[in-house]
Amino acid sequence: MAVSKTTIAAIRFGYGFHRDQAAPSGPAALFDTLAVAQRTPMPVPIAGLTERRQRLDALIAERKSGGKSPEFQNMRKAMRRDAMRDAAQVVFRRAVSPHGFYERLVAFWADHFTIAGRNAGQLFIAPTFEPEALRPHLMGSFGEMLSAVVQHPVMLSYLDQVSSFGPNSRAGKRRGKGLNENLAREVLELHTLGVGGPYAQHDVRELAELLTGYGVHRGFGKFRFFQQRAEPGAETVLGQSYGGDPAKAAHALEFLQDVAVHEITARHIASKLAVHFVADQPDPDLVAHIAAAWRNSGGDLPSVYQALLEHPASWEMPFAKIRQPTGLVAATMRAMGVTAQDLDGPLARGLRLVRALRDLGQPLLQPPGPDGWPEEAEAWITPQGLAARLSFAGKVGQLIAKRSDVDPRRFADGVLRDALRPETGFAVGGAPDRWEGFALVLASPEFNRR
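Computed from a predicted structure; not experimentally measured.

A. Focus on the nonpolar core. Grouped together as the largest cluster of nonpolar side chains are 90 residues, with contacts concentrated most on F101, W109 and F113. Residues lining this core come from more than one domain, with at least three contributed by each of domain 1 (5-139) and domain 2 (157-260). Those residues in contact with F113, other than ones at most four positions away along the chain, are F129, L134, F142, M145, L146, V149, M155 and H191. Counting residues in each nonpolar core, the second largest holds 44 residues, with A356, F392, V428 and F447 among its members.

This is how it looks when you write it as C-alpha cells:
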C-alpha cells in the first residue's frame, strides 16, 4: 500500500492529523516548520519557576505556623490540583500545536534528559523543565541545551546534585559531607557518551568533583554556584584537565561543551534519534548520516534534524514504531479536533488524561528511572497494554459519538488518510453502533503505529 509523504510526515514525525490544520507535504516542508515553531509562543503556557517558588515559600511559611489551618489545607490542595493540570497540559500542548515535528522533538529531548517528580515539591516545579531548559535551545547547539539542562533546578534536584559537596571544600569539611555522583554519572552514561562509552569510574568521580558547587538557591529556587561547596583544584575527565583554584561554574561548562561534540556522543544520540523516529532497529546508514551531520556541524541541532529528515530510510514504509501512550493520547485528541480552550472544558474531564495515561502505563512525570521510557514495541504491546488500549479506545469512541454526528468511516478517512487499511475501513463501516466504529479506528494497528 502506497502512503504519501504527507501522511508519513503527520504520523511518523508528528502526532497525526488535525481536521483544522494542514499537514507538511514532505521533508523540506517539515523542516521549515521548526523555525516557525521556535518563534511561536508555546501552546498552553504554564507558570514559571519564580512564580512556583513564591507559592512554595508561602506554603512552607504557613506550615511552620502550624500546618493545620484551613488556609494551609487549601493551599496544598490547590498546588496538587495545579500540578495535575500542568501534567495534562503536556499532552494538550502536543495535541493542539500545528507544529507536530517540533513538539515531537521536545518530547524526544524531554525523555533523553529525563526528570521526575519524586515528592510534592519536585512534582510542582517539574513542568518548568521543558519550557525553560529544552524549548529555548531546540534550534541551537546540543552544547547549549546540555548546559541549560545541567544547570536547571529541576535536574539538580532530581539527581541529588543539591546534596553534593567537595570532600575538601570548606563546606564539605565543616559539615562532614561528600560527593553525590548521580548527575555526573547520568551526564556521561545517558546524556552524552552512552552506556559503554569511553569513560571509567575515575571519570565519573572527577566530573562529580568538577560539578560540586552546582546547587539551587533556597530549596527549589534558581541555579546558584556555591563556592564553599566546590572541590578545590583541577579535575581530569576523559584525559583532559578542567578547573583550578578558585573553582568556578564555568569550569564544568567547559567540559560539557567538549563532550557535546565528542565522536561517541554524536553516534549515541544519532542512534537514539533514529530509533525514536524511524525504527527500533534503524538502518545503520541513517544513523551514520545523522552522526556525520553532528560532527560536521559541531552539534548544531537544526543540521542534525535536517540529516534525519533528508535520508531516504526515514520515509520508508511500513510504520515500524508503536505509539507510546502519551503519543497515542495526543494523536487521539488531534483526531477529535481539540483546541487549547478544551483544557478546562468537558472534553478534558471526559478524557481524564492523567488517569488514562496511568492506566495505559505511562504516568506523566513519573518515568521508571533516569534512562526514561523504553522505545521497543515489546515494552508497550503486552497483554495488559493491549487491554488498556482497547479500553481507552472504547471510552473515547463513546465520547466522540456523544459529541459529534460525523460518520465513523469519514472519521477514519480523515484520521488515517491513505494509511487506512481496507480491512479497517470495512470493519469500521460495518460496526453495529457508531461508537464502536470510532473505537475500531482508535484501536486499529495503523492508528497505534507511527
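Let's pick the thread back up.
B. Local environment of the environment of F392. Following the sequence through the fold, F392 ends up in helix α20 (residues 383-403). Along the chain, F392 and A443 lie 51 residues apart, while their C-alpha atoms are 8.5 Å from each other. In contact with F392, not counting residues within four places along its chain, are V329, T332, A356 and L360.

C. The domain arrangement of the chain, seen in detail. Each assigned domain of the chain is listed here: domain 1 (5-139), domain 2 (157-260) and domain 3 (325-448). Between domain 2 and domain 3, the C-alpha centre-to-centre distance is 43 Å.

D. Focus on helix α1 (residues 5-12). Burial runs high along α1: six of the eight residues are buried. For α1, the complete set of buried residues consists of T7, I8, A9, A10, I11 and R12. Contacts made by the buried residues of α1 are with α2 (27-39), α5 (100-112), α14 (263-277) and α21 (408-416).

E. View of the side chain of T424. Structurally, the position occupied by T424 is in helix α22 (residues 422-429). In this structure, T424 is in contact with S444 and E446, ignoring residues within four places of it in sequence.

F. Inspection of the packing of aromatic side chains at higher detail. Within the structure shown, the criterion is met by 14 aromatic pairs. Where F101 meets F277, the ring centres are 5.7 Å apart and the plane angle is 70 degrees; that geometry is what we call edge-to-face. Of this pair, F101 sits in helix α5 while F277 sits in helix α14, placing them 176 residues apart in sequence. Taken as a pair, F101 and F277 share a single burial class, namely buried. Pairing W109 with F142 gives two aromatic rings, centres 5.7 Å apart and planes at 35 degrees, and the pair type is tilted. Remark: F142 occurs in helix α8 (residues 142-150) and W109 occurs in helix α5; sequence separation between them is 33 residues. Across this residue pair, the class does not change: W109 and F142 are buried. One aromatic cluster in this structure is built from F108, W109, F113, F142 and W294. The ring of Y15 carries R104 above its face, with NZ or CZ at 5.9 Å from the centroid. The ring of F226 carries R229 above its face, with NZ or CZ at 4.1 Å from the centroid.

Procedures and definitions
Residues numbered from 1 in each chain as written. Predicted model: local features only at pLDDT ≥ 70, side-chain atom pairs only at ≥ 80, totals over all residues. Heavy atoms only, no water. Core = buried A, V, L, I, M, F, W, Y, C linked by side-chain atoms within 4.5 Å. Buried < 20%, exposed > 50% of the residue type's maximum accessible area, 1.4 Å probe, protein only. Domains from an automatic or database assignment. Contact = heavy atoms within 4.5 Å. Helix = DSSP H or I, 4+ residues; strand = E, 2+ residues; numbered from the N terminus. Phe/Tyr/Trp six-rings, centres within 6.5 Å; stacked < 30°, edge-to-face > 60°. Lys NZ or Arg CZ within 6 Å of the ring centre and 35° of its normal.

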